[in-house]
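One letter stands for each residue in the lines below.
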Amino acid sequence: MLNNNNRIFWLKLRTVIFGHPLATQYAEHSKLGVLGGIPIFGSDLISSEGYAPDEILYILLLAGSLGYAYMMKVSIVIVVLLASIFLVYRKAIQKYPQGGGSYTIAHAHLGETASFIAGAALSVDYILTVAVSVSSAIENLTGIIPWLAATPHKVAADILVIMFMAWINLRGLKESARLFAIPVYLYIVSLLVLIGTGLVEILIYGVTPQVPQHLVQTNASSVTWFIFARAIAGGTTALTGIEAVSNGVTAFKAPAQKRAISTLFTLSLLVAIGLLGLSFLASAYHIVPGQGNTTLNQLGWIVFGNTLPYYTLMVTAAAILVIAANTPFAGFPILLSLMARDGSAPRYFKNLGDRLVYSVGIWTLFFISIFLIVIFHGDTHMMLPLYAIGVLLSFSLTGTGLALHAWKERAKNWMSDFAIFAFGGALSFLVFLVFIITKFTQGAWIILIVMPLLVLLFRGIKSVYRGEIHNLNVTPEALADFQKHVAIVKRRRAHAEISEYRNKIIVPVYDLNLMVLKAFKYAYSLTPQVLAVHVASDPERASKLLKHWSENHIEIPLQIVDSPYRALVHDFLLFLNKFESKTNYDTITVVIPEYVPEKIWHNLLHNQTGQLMKLMILLKKSVLVTSVPYHPQTDAIKKS
């Protein structure tokens, strides 16, 4: 009784924290529309446009006040790049409704290695976005809350914010959309009002900016191409997060592709208006960004003054820096789920959690981003040089992949598509090179080490899974050997009644493979009373298994157990309880097929469901449990 009370208490506590589990059939209802997609997938992109003018001015003002004359030129180049990226990702969404963006396109048109590079680039970008956005937001609060200035306090605050972001996303996409919609939309309105009011004031009253003396003294005769290119590279921070929509197409309600494209267009338009508007105002007023006094802050004070709109703008700007970390929590788990389906990441990343989100991916991002915060002491400036490198490389791979596809297919109007995709890919790669060169000594070299390591990791995982599939694949020889074994055992039992066998063996199966066939041979040798049970968390997987069962003429009966909440072990135990109560066998034994990897670290690529199932069954006094290990080195049947 006490154990039941404890179990009920922990279930209630879990429900309070994370919400009631959602059934698989609820998946479509839990998805997003355009209005929900903007704060979920666009918060990073929208926040980036706010500090992109600062990054541009930091470089252009190296040439003195002459740099202001090039502010709009740099911004126009970035908007042109944005337009080409929009066209590239629009095509990606139309062609690949399963999502994945750069990773999917690279995998389809540039090969496996390119897909690993795209996956590594996007992973680095998502992880850094969380760390940079949160640390930047906390640093902006140090002026209001001096207590946060101390490094230990700042790191603790960063960790608490990341914990909050992970928690709200574990509750589901709709939960986070509802929570973040108000500050995101309020920021968008405030920014548009700022730009509109500033433009009207300049048109009506004009402006006479005061050029700071130190800029006059450092005036150059011209802005060099190198400075211009560096300014473009710095301004591309306005584009970070644009890839999230194409990665997360599956998170939108039907018609998902149409809603995703509408969301991407709206976000691109907002970024273009915001960047051009802020750049024009900054160059007109000759803004000099400084530590703790951003371009947005100065423009807000000049245009609004000490009024409520100014404080609304600044509060929502600070809030959206935190909310920007939400985009990776939506996009990164989806990316990992796609890579897991391809065998490039551990398979458990493709499993939906209780609230129909990829919870393992969310937890992974949570721990890695906290690790970064601790390593870099929550210092934004130490992490900022690493920022945007991954997203620029992913842009380049996307454009190149689609350009190659257009060249090979040569469908109607292919030349215009090829030109757009090739331009976007080439320009993105050029900016990527500039970024690497100019930021190399500031920390960009770290990315050049981390990304190849990630590529090797993905390649290693792919190789392990490919080897396992080869080892477990059912061959005609293996199937014939199994059928022969069943026939021999049947002949041996020809004079015995099936009712004489009072022991029942249940074999949980996920797929039909050599590991399962070995377990069947063992079980059938003991008794003809063998039942295969598949816990169906994925209806498509269950249908596929039934088809394989029929095609291969497996005589052992297969029972499908529905698992609407994807709780495999829990639902299997419920099935056992019901089966035990309805039957009167002397013994019930659960035989668990168990794959024994060649190397110990390969166990990290498996979710150990069999081990958990075995542990839970051991607690049942009336059911026996055993494992049938499958060793690929010795058990694999040679294939002819």
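Our structure's up above, just so we're on the same page.
Residues numbered from 1 in each chain as written. Predicted model: local features only at pLDDT ≥ 70, side-chain atom pairs only at ≥ 80, totals over all residues. Heavy atoms only, no water.

**Topic: the side chain of T589**
Here is step 1 of the chain: Position of T589 relative to the elements: it lies in strand β4 (residues 587–595).
Here is step 2 of the chain: Classification of T589 as buried rests on a relative accessible area of 15%.
Here is step 3 of the chain: Filtering out sequence-adjacent residues up to four positions away, T589 remains in contact with K504, I505, I506, L624 and T626. (Helix = DSSP H or I, 4+ residues; strand = E, 2+ residues; numbered from the N terminus. Buried < 20%, exposed > 50% of the residue type's maximum accessible area, 1.4 Å probe, protein only. Contact = heavy atoms within 4.5 Å.)

**Quick word on the pairing of β4**
Here is step 1 of the chain: Most of β4 is tucked away: seven of the nine residues are buried.
Here is step 2 of the chain: When β4 meets strand β5 (residues 623–630), the two strands line up parallel, connected through eight bridges. The residue of β5 that forms the bridge with T589 is L624.
Here is step 3 of the chain: For the crossover that starts at β4, traverses helix α24 (residues 609–618) and ends in the parallel β5, the hand is right-handed. (Pairing = 2+ DSSP bridges. Right-handed = clockwise from strand over helix to strand, strands pointing away.)

**As for the packing of helix α2 (residues 34–60) against helix α9 (residues 225–235)**
Here is step 1 of the chain: Contact pair α2 / α9: the axes reach a minimum separation of 8 Å and the direction vectors enclose 165°. On the basis of the axis angle, α2 is roughly antiparallel to α9. Classified by chirality, the crossing of α9 by α2 is right-handed. Here A52, E55, I56, I59 and L60 of α2 come into contact with α9, specifically with I227, R230, A231, G234 and G235.
Here is step 2 of the chain: Grouping the amino acids of the contact of α2 with α9 by side-chain chemistry returns six nonpolar, two polar and two charged. (Axes fitted to C-alpha atoms, helices over the stretch in contact; angles between N-to-C directions. Parallel < 35°, antiparallel > 145°, perpendicular 65-115°, else oblique. Left-handed = near helix turned anticlockwise from the far one by under 90°. Nonpolar A, V, L, I, M, F, W, Y, C, P; charged D, E, K, R; others polar.)

**Some words on the packing of aromatic side chains**
Here is step 1 of the chain: Per the counting criterion, the structure on display carries 23 aromatic pairs.
Here is step 2 of the chain: An angle of 50° between the planes, with centres 5.4 Å apart, marks the rings of W407 and F418 as tilted. With a gap of eleven residues between them, W407 in helix α17 (residues 389–409) and F418 in helix α18 (residues 414–439) connect regions that are remote in the sequence.
Here is step 3 of the chain: Judged by relative accessible area, F418 falls into the partly exposed class, the value being 28%.
Here is step 4 of the chain: Judged by centre distance (6.3 Å) and plane angle (45°), the rings of F482 and F520 are tilted. Residue F482 is located in helix α20 (residues 476–492), and its partner F520 is located in helix α21 (residues 514–526); the two are separated by 38 residues in the primary sequence.
Here is step 5 of the chain: For F520, a relative accessible area of 0% corresponds to the buried category.
Here is step 6 of the chain: Grouped by ring-pair contacts, the aromatic residues F572, F575, F579 and Y585 constitute a single cluster. (Phe/Tyr/Trp six-rings, centres within 6.5 Å; stacked < 30°, edge-to-face > 60°.)

**Let's talk about the pattern of salt bridges**
Here is step 1 of the chain: Taken as a whole, this structure holds five salt bridges when the rule is applied.
Here is step 2 of the chain: Of the charged contacts in the structure, one is a salt bridge between E555 and K490, with a shortest N-O distance of 2.4 Å. On the criterion of sequence distance, the pair formed by E555 in the loop between α22 (539–551) and β3 (558–562) and K490 in helix α20 is long-range, its members being 65 residues apart.
Here is step 3 of the chain: Here K614 makes a salt bridge to E594, at a shortest N to O gap of 3.5 Å. Of this pair, K614 sits in helix α24 while E594 is found in strand β4, placing the two residues 20 residues apart along the sequence.
Here is step 4 of the chain: Accessibility expressed as a relative area gives 22% for E594, which makes it partly exposed. (Salt bridge = Lys/Arg side-chain N within 4 Å of Asp/Glu carboxyl O.)

**Let's talk about the nonpolar core**
Here is step 1 of the chain: In terms of nonpolar packing, the biggest core is built from 146 residues, with F41, L194 and F329 touching the most fellow members.
Here is step 2 of the chain: Residue contributions to this core peak at 15 residues, all from helix α5 (residues 112–140).
Here is step 3 of the chain: Residues within four places of L194 in sequence aside, it is in contact with L278, L281, L296, L299, G300, V303, F304 and L313.
Here is step 4 of the chain: Formed by 29 residues, the second largest nonpolar core is a distinct cluster that contains A478, V507, W549 and I554. (Core = buried A, V, L, I, M, F, W, Y, C linked by side-chain atoms within 4.5 Å.)

**Considerations on the sheet that holds β3**
Here is step 1 of the chain: Spatially, five strands are ordered β3-β2-β1-β4-β5 in an open sheet, and the strand pairing comes out parallel. Whereas interior strands pair on both sides, the edge strands pair on one side only; in this sheet they are β3 and β5. Averaged over all neighbouring strand pairs, the angle between strand axes comes to 30°, with direction disregarded.
Here is step 2 of the chain: Examined bridge by bridge, strand β2 (residues 530–536) and β3 share five bridges and lie parallel to one another. Bridged to A532 within β3 is L558.

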